[in-house]
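# A structural walkthrough
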Number of protein chains: 2
Amino acid sequence: MKAKLVITPKKAVLDPQGKTVASALEHLGYAGVAGVRMGKYIEIDLAPGTSAPEAERALNEAARRFLSNPVIEDYRLEIVE
Amino acid sequence: MKAKLVITPKKAVLDPQGKTVASALEHLGYAGVAGVRMGKYIEIDLAPGTSAPEAERALNEAARRFLSNPVIEDYRLEIVE
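The present account deals with the structure reproduced in this document.

What counts, and where the lines are drawn
- Residues numbered from 1 in each chain as written.
- Chains lettered and ligands numbered in written order.
- Predicted model: local features only at pLDDT ≥ 70, side-chain atom pairs only at ≥ 80, totals over all residues.
- Heavy atoms only, no water.
- Axes fitted to C-alpha atoms, helices over the stretch in contact; angles between N-to-C directions.
- Helix = DSSP H or I, 4+ residues; strand = E, 2+ residues; numbered from the N terminus.
- Parallel < 35°, antiparallel > 145°, perpendicular 65-115°, else oblique.
- Left-handed = near helix turned anticlockwise from the far one by under 90°.
- Contact = heavy atoms within 4.5 Å.
- Nonpolar A, V, L, I, M, F, W, Y, C, P; charged D, E, K, R; others polar.
- Buried area = accessible area lost by both parts, 1.4 Å probe.
- Salt bridge = Lys/Arg side-chain N within 4 Å of Asp/Glu carboxyl O.
- Polar contact = N/O pair within 3.5 Å; in protein donor to acceptor, adjacent residues only side chain to side chain.
- Pairing = 2+ DSSP bridges.

## Quick notes on the packing of helix 1 (residues 16–27) of chain A against helix 2 (residues 52–67) of chain B
- Interaxial distance between helix 1 of chain A and helix 2 of chain B falls to 12 Å at its minimum, and their mutual angle equals 115°. Considered as vectors, helix 1 of chain A and helix 2 of chain B are oriented roughly perpendicular to each other. Of the two elements, helix 1 of chain A crosses helix 2 of chain B, and the hand of that crossing is right-handed. Touching A:V21, A:A24 and A:L25 of helix 1 of chain A are B:L59, B:A62, B:F66 and B:L67, all from helix 2 of chain B.
- Class assignment of the residues belonging to the contact of helix 1 of chain A with helix 2 of chain B gives a composition of seven nonpolar, no polar and no charged.

See the structure below:
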């Protein structure tokens, strides 16, 4: 079982990395880019036998407490088999 | 239409950020963590009317050429409506 955590800057927050990627794509001739947000991706392998609801609860807490900064970032947690 | 690009370090490559997150989770009492890989997440908003196959081709090329480092990183590209 795996947990996938995606952490992105909130819409209202400046994202200089995303802006850089967007302008790099444009300069290199990739048209059709309306905007880029750059975030973090954390893939957590869960030990066999871990309960999915319990892992989800614990990782939601971890994401809020120290993996993301809730003031400027949103996160999305997904547990997959 | 959006493109989601996930870039992760290859399995054989050391991932100090992932190791740090894994030990932080353990120290804070989250059991059941077998491993953590930390990567980048890039969300690209595509302008309306962009063709999905063309965007996929262009972004695969961009991912290989400058968004990821193919020597040490893998990437996964997904185009969603």
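## Concerning the interface of chain B and chain A
- Listed as interface residues are 33 residues of chain B and, on the opposing side, 33 residues of chain A.
- Together chain B and chain A conceal approximately 2700 Å² of surface at their shared face, both sides included; 64% is due to carbon and sulfur atoms.
- Its largest share of buried area at the contact with chain A, chain B owes to B:Y30, B:Y41 and B:F66, together 22% of the area lost on that side.
- Counting across the interface, chain B meets chain A through zero salt bridges.
- Taken together, the links from chain B to chain A amount to 14 residue pairs in polar contact (both at pLDDT 80 or more).
- Among the secondary structure elements, those contributing two or more residues to the side of chain B that touches chain A are strand 1 (2–9), helix 1 (16–27), strand 2 (33–46) and helix 2 of chain B.
- Take the side of chain B that touches chain A: its biggest share by element is 14 residues, from strand 2 of chain B.
- Tallied by class, residues from the side of chain B that touches chain A come to 20 nonpolar, five polar and eight charged.
- Relative to strand 2 of chain B, strand 2 (residues 33–46) of chain A runs antiparallel, the two being bridged by 13 bridges.

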